[in-house]
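# Summary of structural features
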Amino acid sequence: MKEPGSGKRVSRLNDESAWQVTEVPTLRIIDDALWQAARQRQGDLKVKGADTPVWDRRRPKFLLSGLMACGCCGGGFAKISKEGFGCSSARNKGSAVCTNMLSIRRTDLEATVLTALEHHLMDPDLVEAFCLAYAEERNRLQAAASAGRSGLEKELAQVTRDHARLVEAIIAGVPADQVKDKMITLDARRKTLETQLSATPADDPLRFHPSMAKTYRDRVATLIRTLGDAEGMEEAKEVVRSLIDRIVLTPAPDGKSLTIDLEGALAGLLALATGRPLQEVRQASDKQKAPGVERGAVDIIGELVLVAGTGFEPVTFRL
Ligand SMILES: [Zn+2]
């Protein structure tokens, strides 16, 4: 409609009571299961962090927002004063839930974590030890994966043939109703098999090199410098965040200060160290952090997680 004064066009929604809502399942761009999973994840995120809905938190306000966890109750740390972070549960839910009332200055925490990211997370000796463990584990996995692959390929061929046969049956006059369910089942199975096959190890594995530690350190230093620039600051912030899995804050034995445990996000750290573009660093990390990442999906990230899980943990540091 036009605005009376200026004559400018303004769009205005009808009153909600006048809306007509019709479910059109065929127009759904994602299926119900995925939608529910996404909703679930949104719910998790909402509980995990502050009370802000997830869509408002895509760009965290502070560098480390949403990455901090209370070492006592496992809940989130959030801004509790002009310059301090503290356990939200201890303050909002009381001492029955959490007694950790200590806080830490934002600037102190950021400085400590950034220094650790640059200087402690990629110790050259650790990198070398990691490369060995990684190579061994990778070989083992690749052998297992290629054995599994031929089985998947055979089944996929069979499923595709069966599906084609049903299509022919319909063309030949068999009522579609009779074979519909079977076709849906076959189609679902085909999709699953294709996903599994596409998730087998990449042909272009991460290449480890003695210079990895140096590459890593140079790139982190650049990122930290960029955090202070107007240009590129947002991306640098996101990449730095993607290198961190969690920062756990626990009262020290003296009860006066917080101990900081920095848990590095291995996938992101290695992507950075092996010279991958910043965008891939973030993707690697997002994949690793995604909920319900299927263990069967043996991709590069899965392997890295597995290696980390076999007792080789170079990336947790008490600061
Ligand atoms: Zn707590």
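For the structure given in this document, a descriptive report is provided here. (Residues numbered from 1 in each chain as written. Predicted model: local features only at pLDDT ≥ 70, side-chain atom pairs only at ≥ 80, totals over all residues.)

### Regarding the nonpolar core
Within the largest apolar cluster, 41 residues are counted, with the highest numbers of intra-cluster contacts made by Met68, Phe77, Leu243, Ile247, Leu249, Leu269 and Leu272. In this structure leucine 272 touches Tyr216, Arg219, Leu243 and Val281, once residues within four positions along its chain are discounted. (Core = buried A, V, L, I, M, F, W, Y, C linked by C-beta atoms within 7 Å. Buried ≥ 20, exposed ≤ 12 C-beta atoms within 10 Å, placed from the backbone. Contact = placed C-beta atoms within 7 Å.)

### Some remarks on the pairing of strand E5 (residues 244-251)
With three bridges joining them, strand E1 (residues 68-70) and E5 adopt parallel strand pairing. The partner of methionine 68 across the bridge, within E5, is isoleucine 247. In terms of strand pairing, E5 meets strand E6 (residues 258-264) through seven bridges, oriented antiparallel. Paired with threonine 250 across the two strands is threonine 259, which belongs to E6. In this structure, the hairpin formed by E5 and E6 is closed by a connection of six residues, where glycine 255 is found at a positive phi of approximately 70°. (Pairing = 2+ DSSP bridges. Helix = DSSP H or I, 4+ residues; strand = E, 2+ residues; numbered from the N terminus.)

### Some remarks on the sheet that holds strand E2 (residues 77-79)
What the three strands build is an open sheet, ordered E2-E3-E4; its pairing is antiparallel. One side of each edge strand has no neighbouring strand; the edge strands of this open sheet are E2 and strand E4 (103-105). Taking each pair of neighbouring strands and ignoring which way they run, the sheet shows an average axis angle of 30°. For strand E3 (residues 84-87) and E4, the ladder comprises three bridges, and the chain directions are antiparallel. Considered in E4, the bridge of glycine 86 is made with serine 103. Relative to the sheet, helix H3 (residues 106-119) contacts E3 and E4, its axis offset from that of E4 by approximately 75°. (Axes fitted to C-alpha atoms, helices over the stretch in contact; angles between N-to-C directions.)

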